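Fold and geometry: a report
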Amino acid sequence: MKKAMDRQLQTTPKERVSYGLYFMGQNFFYFFITMFVQVFFTDIGITAAAVGIIFIIARIWDAVNDPIFGVIVDRCRLKSGRFLPWIRISTFLIPIFTVLIFLTPASFPPMLKTILAGTLYICWGMSYTICDVPIFALTTAMTGNLQERVSLISLGRVTGLIGMLLINVIAPILRPKIGWLGISILFALVGFLCMLPIGVNTKERMVDNHSEPITLKNIITYLSKNKYLLIFYGAMIVSSVTNMLQTMGVYFARVNLGDESLFAAIILTMILPMVLAAAVMPQFTKRFDKIYIYMSGLIITVVFSIISYFVGYSNFIIFLIISAVRGLGMGIIMTMMFMFSADCVEYGTYKTGFRAEGITFSIQTFATQMIGAVSSALGMLMLGAFGFVEGAKAVQPQSAVDGIWFMYSIFPAFGAILALILIICFYKLRDKDVQIMTNYNQGKITREEAQSQLSKKY
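Residues numbered from 1 in each chain as written. Predicted model: local features only at pLDDT ≥ 70, side-chain atom pairs only at ≥ 80, totals over all residues. Heavy atoms only, no water.

Moving on: the pattern of salt bridges. Using the criterion set out here, one finds eight salt bridges in the structure. The salt bridge partner of Asp 43 is Arg 254, with a shortest N-O separation of 3.2 Å. Here Asp 43 is found in helix α2 (residues 13–43), whereas its partner Arg 254 is found in helix α10 (residues 245–256), with 211 residues between them in sequence. Arg 254 carries the same exposure label as Asp 43, and that label is buried. Here Arg 254 makes a salt bridge to Glu 260, at a shortest N to O gap of 3.0 Å. Bridged by salt links that share partners, the residues Asp 43, Arg 175, Arg 254 and Glu 260 form one connected network. (Salt bridge = Lys/Arg side-chain N within 4 Å of Asp/Glu carboxyl O. Helix = DSSP H or I, 4+ residues; strand = E, 2+ residues; numbered from the N terminus. Buried < 20%, exposed > 50% of the residue type's maximum accessible area, 1.4 Å probe, protein only.)

Following this line, the structure appears as structure tokens:
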């Protein structure tokens, strides 16, 4: 049985290992910036409100930048591949801008410091976009086997969560000892070494580099008819912008618990269930439709966010147990949410005849960056409204303490509830139908055969 399954795989073990390592390195950078950059900014004297404005401006730029890059990916026909050249470029750019952010001097005048920090943060976001669209689109080029794509993305989620775990356990411990610059250099070096092998070891098999580049008219048609792409990522944005765990985690440990290093224990308790969820997900997707699994993660998040708020954190052990179950729900969401883009590529191709991986995955990248920054911006603006005082050793008023707990505990439930409503009411695409569409898109069956096999009219 195992040999039969191996013969169905189109990727090599070296490719799969390289793909997994890439996500570990990428998540070193993503979660280090997402979870700690706002703390660094307030530590060097930038106000919480100003940090929120930086994030808002960055997202406005992303609203323009991400789709443009998606068009570039779809229109370019590079000799070395559709996606790998961009991945190789970003492998060098992301570490450079990560370190540059943490070189922002605390001694600069407030306005100059804010402008410099904001500019470097936007440049970091652009360098991240260059990798994030191609790395997910790459699965559609590595293999035409849908289950293998699921396995690759699940592997990326597992290794990515391990990267997230290492960042959040090590950073709070080492940061006070070696400083912000030292920790940024350390993670930049390790992240770079993890991301490097994929550019050497991976092959694009399923990409047609000989067809004419997609036109702007094709792109507009593709997006207007790919309703499930827009519905899913709309729901994902709604569910995640209220999730303040990344933004408020360090503040919660530092202010509410009185010890920043406790964040390592909290994040360890939450991420281990996330890793477990990512590891077993390929088996679950063989038995259950992906959208139902995703919905189960939303439900767990809602229930245990509410429980967490009312139980509180005075008993740290009970708090950690509740955090672990909530982490399982969030792990399901984080693992599953990147598995739907490839489905939307096949659906969009089936509906329009145009294959636009770059546009599709640029929507994913835009949604991911929108989530991280809007959540951070909203969190920082709310933090300022609750009376937070900037400065590494500032004493916080009770209003800030209560506000941090509200954002950290129950606030994520609001977005998850809205996302559930959107998914239940509007997202009707199912896994079996996606495989039929893929078979048609690859020329294995005719249009008439596909239409007769689909469970509903799309």
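From this point, the narrative continues.
The next point concerns the packing of helix α12 (residues 290–311) against helix α17 (residues 411–426). Relative orientation of the contacting elements α12 and α17 amounts to 150 degrees, with a least axis distance of 9 Å. One element, α12, and the other, α17, form an angle in the roughly antiparallel class. Crossing of α12 over α17 shows left-handed handedness. Between α12 and α17, the residues in contact are Ile 291, Tyr 294, Met 295, Leu 298, Ile 299, Val 302, Ser 305 and Ile 306 and Pro 412, Ala 413, Ala 416, Ile 417, Ala 419, Leu 420, Ile 423 and Ile 424, respectively. Residues that form the contact of α12 with α17 fall into these classes: 15 nonpolar, one polar and no charged. (Axes fitted to C-alpha atoms, helices over the stretch in contact; angles between N-to-C directions. Parallel < 35°, antiparallel > 145°, perpendicular 65-115°, else oblique. Left-handed = near helix turned anticlockwise from the far one by under 90°. Contact = heavy atoms within 4.5 Å. Nonpolar A, V, L, I, M, F, W, Y, C, P; charged D, E, K, R; others polar.)

Taking 1.5 Å as the rise per residue, helix α11 (residues 262–287) with 26 residues should run 38 Å; its terminal C-alpha atoms sit 38 Å apart, in good agreement. Its axis deflected by about 50 degrees at Met 281, α11 carries its strongest bend there, up to four residues before the proline Pro 282. (Expected span 1.5 Å × (residues − 1). Bend = angle between axes of the 7 residues up to and from the residue.)

A word on empty space enclosed by the protein. This structure, assessed with the given rule, holds two cavities of 30 Å³ or more. Around the largest cavity sit 35 residues that line it, and Asn 243, Gln 246, Met 334, Met 337 and Ile 371 are the ones nearest its centre. Looking at the lining of the largest cavity, its residues break down into 20 nonpolar, 13 polar and two charged. (1 Å grid on protein atoms, 1.4 Å probe; cavity = no way out; pocket = protein on both sides within 12 Å on 5 of 7 lines; lining within 4 Å. Points joined across faces, edges and corners; volume = space filled by probe spheres on them.)

Grouped together as the largest cluster of nonpolar side chains are 142 residues, with contacts concentrated most on Phe 232 and Tyr 294. Apart from residues lying up to four places away in sequence, Tyr 294 is in contact with Phe 232, Met 236, Ser 239, Ile 332, Ile 333, Met 336, Met 337, Phe 340 and Ile 423. (Core = buried A, V, L, I, M, F, W, Y, C linked by side-chain atoms within 4.5 Å.)

A contiguous nonpolar surface patch, about 440 Å² in accessible area, is contributed by Ile 53, Ile 56, Ile 57, Ile 60 and Leu 381. Top element by residues in the nonpolar patch is helix α3 (residues 48–75). It accounts for four residues. Along the polypeptide, Ile 53 turns up in helix α3. Accessibility expressed as a relative area gives 47% for Ile 53, which makes it partly exposed. (Patch = residues over 30% accessible without salt bridge, like charges linked within 9 Å, V, L, I, M, F, W, Y side chains within 5 Å. Areas by Shrake-Rupley, 256 points an atom, 1.4 Å probe, with all protein chains shown as cover.)

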